[in-house]
Amino acid sequence: MKKLLSILTVFTVAFGISSFVMKSEDDTINWMSIEEAAEANENGANLPIFVDVYTDWCGWCKRLDQTTFRDPAVVAYMNSHFLNVKLHGEERDDITVKGQTFKYVASGRRGYNELPATLLNGKLSYPTVVFLNADLENLRPVPGYRQAGGFLIIAKFFGDGIYLEKTWDEYQESLQAEEAAE
């Protein structure tokens, strides 16, 4: 009887751990490299690209990963409307995109990679998210931490193509008008 109880306990613990470790693709944002995103669009994906520029030492970057980027509504929206890229701001390896190679630049205590610096218009601030169109044209960098609701408003501005028809201020005014009407 003790042996059966031990086997059942081990099975229960093992099953619990495996179900905890195994995550569904729907639980997380599908991250890829910038090279993979560019290649996907060259092969016909034709989706805008979302870039999360982070560093390992950035506390707000970690919080963004633990909260906003795990929110089910954010995950679902980002996975269906964007190719999602994680880009380390201090990447030491060369990054080659569309035939252009971006290198690491030693500067101060840390340094930076030229691609994130280019995407952030030279303003190295972490976290910063960047929205690009399918042709890798920079639509806008957005610095700072955002909670899920505020982040989704920004993501939809770019992901739904609203930026093509309205300015950011017009978009915000239309959201406020919708709220007032409810």
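Residues numbered from 1 in each chain as written. Predicted model: local features only at pLDDT ≥ 70, side-chain atom pairs only at ≥ 80, totals over all residues. Heavy atoms only, no water.

1. Focus on the overall build of the protein chain
So, step 1. For the protein chain, the helix and strand inventory stands at seven helices and nine strands.
So, step 2. Burial statistics for the protein chain: of 182 residues in total, 35% are counted as buried.
So, step 3. Split by element, the accessible area of the protein chain, about 11200 Å² in all, is 53% carbon and sulfur. (Helix = DSSP H or I, 4+ residues; strand = E, 2+ residues; numbered from the N terminus. Buried < 20%, exposed > 50% of the residue type's maximum accessible area, 1.4 Å probe, protein only. Areas by Shrake-Rupley, 256 points an atom, 1.4 Å probe, with all protein chains shown as cover.)

2. A few points about the nonpolar core
So, step 1. By size, the foremost hydrophobic cluster in this structure holds 22 residues, and its most contacted members are M78 and F131.
So, step 2. Those elements giving two or more residues to this core turn out to be α4 (72-81), β8 (128-132) and α6 (148-159).
So, step 3. Looking at this core, the element that brings in the most residues is α6, giving seven residues.
So, step 4. In terms of nonpolar packing, the next biggest core, distinct from the first, is built from 21 residues, I34, A37, A38 and C61 among them. (Core = buried A, V, L, I, M, F, W, Y, C linked by side-chain atoms within 4.5 Å.)

3. Some remarks on the sheet that holds strand β2 (residues 49-54)
So, step 1. Read across the open sheet, the five strands follow the order β1-β3-β2-β8-β9; overall the sheet is mixed. Edge positions in the sheet fall to β1 (31-32) and β9 (138-143), since each of these pairs with one other strand and no more.
So, step 2. In terms of strand pairing, β2 meets strand β3 (residues 83-88) through six bridges, oriented parallel. If you follow V51 over to β3, its bridge partner there is V85.
So, step 3. Docked against the sheet, helix α2 (residues 34-42) engages β1, β2, β3 and β8, running at close to 155° with respect to β3. (Pairing = 2+ DSSP bridges. Contact = heavy atoms within 4.5 Å. Axes fitted to C-alpha atoms, helices over the stretch in contact; angles between N-to-C directions.)

4. Considerations on α6
So, step 1. Every buried residue belonging to α6 is among A148, F151, L152, I154, A155, F157, F158 and G159, and all of these are buried.
So, step 2. Looking at the buried positions of α6, the neighbouring elements they touch are β2, α4, β8, β9 and α7 (168-181).
So, step 3. With its phi angle positive at about 70°, G161 sits one or two positions after the end of α6.

5. Concerning the pattern of salt bridges
So, step 1. Within this structure, the stated rule accounts for four salt bridges.
So, step 2. One salt bridge in this structure joins R110 and E90, with 4.0 Å as the shortest N-O distance. Linking R110 in the loop between β6 (104-105) and β7 (112-113) with E90 in the loop between β3 and β4 (95-97), this pair joins segments that are 20 residues apart in sequence.
So, step 3. Here K103 ties to D94 by a salt bridge, and the two come within 3.0 Å at their closest N and O atoms.
So, step 4. Each member of the salt-bridge network shares a partner with another, and the members are D52, D65 and K86. (Salt bridge = Lys/Arg side-chain N within 4 Å of Asp/Glu carboxyl O.)

6. Considerations on a negative patch on the surface
So, step 1. Together, E35, E36, E39 and E42 give the surface a local cluster of negative charge.
So, step 2. Considering the arrangement of structural elements, one finds E36 in helix α2.
So, step 3. E36 gets classed as partly exposed once you look at its relative accessible area, which sits at 45%. (Patch = residues over 30% accessible without salt bridge, like charges linked within 9 Å, V, L, I, M, F, W, Y side chains within 5 Å. Lys, Arg positive; Asp, Glu negative; His and termini not counted. Charge placed at Lys NZ, Arg CZ, Asp CG, Glu CD.)

7. A word on the state of the cysteines
So, step 1. Applying the stated criterion across every chain yields a total of one disulfide.
So, step 2. Each sulfur in the disulfide pair C58 and C61 lies 2.4 Å from the other. The disulfide joining C58 to C61 has a torsion of about 85° about its S-S bond and is therefore right-handed.
So, step 3. Relative accessible area serves as the criterion here: at 3%, C58 is assigned to the buried category. (Disulfide = S-S within 2.5 Å.)

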